[in-house]
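# Reading the structure
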Amino acid sequence: MIERMIRNHTAQTIQDCREVLETQNIRWESDITYSIIIYNSIDDSYTNPIATGSFSGSVIKCVAVTPLFEGVGLAQRIITLLLEELYERETEHIFLFTRPKNIQSFRELGFHPTAVVDDTITLMEQNQRGLQNFCEGLKKQAITSDRKGPVSCLVMNCNPFTNGHRYIIEQASEKSSVLYVFIVTEDSSEFPTDVRIELIRKGTQDLKNVKIFEGGEYIISRNTFPTYFLKSQKIIDQAYAQLDALIFAEHIAPALGIEKRFVGNEPFCPVTDNYNTQLAQILPQYGITLEVIDRLEYEHSAVSASEVRRLFVQQDYGQIAKIVPETTLSFLRSDRAQYIREIIQRRSSKRDEEIKS
Amino acid sequence: MKIVKTGTAGTLESSDVMITVRSNEPHGIEIALNSIVEKQFGKQIHAVIRKTLEYLKVKDAYIEVQDKGALDCAIEARLITAVYRAAGIKKINWEVIE
């Protein structure tokens with residue numbers, strides 16, 4: 001048997017992973033950054049793959065052993081090797097998503113269930129106290145105000161911060177005693193997390209009852225949510241919404257005493273609209289109300305961050321000025337922002353290629 | 001020794017143990033043990049860990065132990081390595097430990 005560590009996949013190594021995954025009805029995920037494959041060949045060549053495991057960021061995924069080699073400790077070996085690499089990279093929180101029927105197997109490998117959605121999906125974590133520590137950290141940063149109204153919360157991406165976001169935060173803050181805004185941490189956004197947070201902070205400085213938090217790993221991003229073992233898009237969307245709502249309602253909201261969650265309405269995006277519907281069903285069970293805020297319009301269409309990104313590539317600052325706050329505009333004009341334009345251009349040309357092919 | 005980051009040592013293979021050491025100031029020593037022989041040797045494993053941490057003068061640490069039936073000497077060695085890694089010290093002075 002021979003173990004192979006893969007930092008850069010080739011068509012052949014991906015094929016080898018797929019061969020193992022298919023024996024367990026698991027799909028390959030394209031955002032994987034590191035994999036292990038164990039081969040069972042007589043001449044120590046890279047033929048006959050029998051076990052594999054991977055990760056993307058801090059999420060372990062696509063772990064499988066072919067049926068013939070189950071029960072001989074290959075899964076343990078794979079997880080050990082993945083953990084070693086993750087620790088090498090100083091990954092503080094290590095997660096995996098799996099079917100609830102696998103909870104016991106992963107428990108034996110040192111993982112603990114953080115949230116379980118019926119028989120669909122469970123989030124497991126290597127640090128038993130990860131979520132608890134996160135919530136205690138939030139508690140320490142809680143704020144108070146003299147205003148009347150509920151303690152509320154918003155979850156946003158703000159890629160980048162526009163007048164539309166400002167409007168929603170303003171509306172929500174007026175109706176609340178304290179408003180906590182969680183910014184989704186994700187590397188897949190064009191504007192990096194620290195830049196997005198900086199722009200939101202600058203653009204909401206005058207609102208004294210608003211506190212901005214980085215969402216961290218427990219406000220799960222849709223883009224990093226693994227889907228490889230779920231059958232259909234409908235199940236995926238449902239599982240994502242339920243898991244996200246569960247962690248929020250059971251852990252994050254109680255830590256900060258949150259009584260209300262605001263969301264922007266979504267007339268054009270069915271996925272987010274469906275997500276809002278799920279939230280409206282789950283949150284009241286935990287005594288949290290949901291309120292929908294209509295989006296700000298400019299010239300008869302909702303102000304959108306994707307429109308700002310499009311105009312930013314064209315360097316049309318005149319148009320941008322009409323839909324973003326001064327603070328965001330001056331950032332977009334600065335030298336610091338220029339590398340982000342390159343990121344957006346590269347992504348959109350890649351997307352065009354994919355559409356063509 | 002002061003724990004400054006997360007350190008780990010060992011494997012999940014049979015007869016070995018994987019130990020993760022995390023900072024835990026100011027809550028003292030806390031041990032989360034998960035062992036296949038917990039019923040038989042749980043107390044003994046706790047004792048080995050406490051004793052080793054005392055030797056190393058670790059006052060605050062959260063220790064996660066995933067034990068697959070390791071012998072005391074293996075547990076001790078894995079723990080020492082994990083603590084040194086968590087303390088950010090590269091060179092281990094094994095003689096002092098003796």
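This section reports on the structure supplied with the text. On a predicted model such as this, the values are computed, not experimentally measured, just so you know.

We now examine the overall build of chain B. The secondary structure content of chain B amounts to three helices and four strands. Shown N-terminal to C-terminal, the secondary structure of chain B runs as helices and strands in the order β-β-β-α-β-α-α. Here the C-alpha radius of gyration of chain B, 12 Å, is about what a compact globule of 98 residues would show, namely 13 Å. Expressed as a percentage of its 98 residues, the buried residues of chain B come to 39%. Contacts in chain B between residues far apart in sequence, at least 24 positions, make up 74% of those at least 6 positions apart.

All names here are of chain A. Strand order across the open sheet formed by seven strands is 1-2-3-4-5-7-6, with mixed pairing between neighbours. Each having just a single partner strand, strand 1 (2-6) and strand 6 (112-117) make up the two edges of the open sheet. Here the average twist between neighbouring strands, direction ignored, is 20°. With five bridges connecting them, strand 6 and strand 7 (residues 121-125) associate as antiparallel partners. Each residue of the ladder has a partner; that of H112, found in strand 7, is E125. Taken strand by strand, helix 1 (residues 11-22) contacts strand 1, strand 2 (34-39), strand 3 (49-56) and strand 4 (59-65), and its axis lies near 110° from that of strand 3.

A word on helix 2 (residues 74-88) of chain A. Residue and element names in this part refer to chain A. Counted at 1.5 Å a residue, the expected span for helix 2 with its 15 residues is 21 Å, and the 21 Å between its end C-alpha atoms agrees. Where helix 2 is concerned, the buried positions are L74, A75, Q76, R77, I78, I79, T80, L82, L83 and L86. Looking one or two residues beyond helix 2, the residue adopting positive phi is E90, at roughly 55°.

Attention shifts here to the sheet that holds strand 11 (residues 260-264) of chain A. Residues and elements named next belong to chain A. An order of 10-9-8-11-12 is seen for the five strands of this open sheet, with the pairing classed as parallel. Edge positions in the sheet fall to strand 10 (210-214) and strand 12 (289-293), since each has one partner strand and no second. This sheet shows a mean twist of 25° between the axes of neighbouring strands, independent of strand direction. Bridge count for strand 9 (residues 178-183) against strand 10 is five bridges, and the pairing is parallel. Looking at strand 10, one finds that Y180 is bridged to K211.

What counts as what
Residues numbered from 1 in each chain as written. Chains lettered and ligands numbered in written order. Predicted model: local features only at pLDDT ≥ 70, side-chain atom pairs only at ≥ 80, totals over all residues. Helix = DSSP H or I, 4+ residues; strand = E, 2+ residues; numbered from the N terminus. Rg over C-alpha atoms; globule rule 2.2 N^0.38 Å. Buried ≥ 20, exposed ≤ 12 C-beta atoms within 10 Å, placed from the backbone. Contact = placed C-beta atoms within 7 Å. Pairing = 2+ DSSP bridges. Axes fitted to C-alpha atoms, helices over the stretch in contact; angles between N-to-C directions. Expected span 1.5 Å × (residues − 1).

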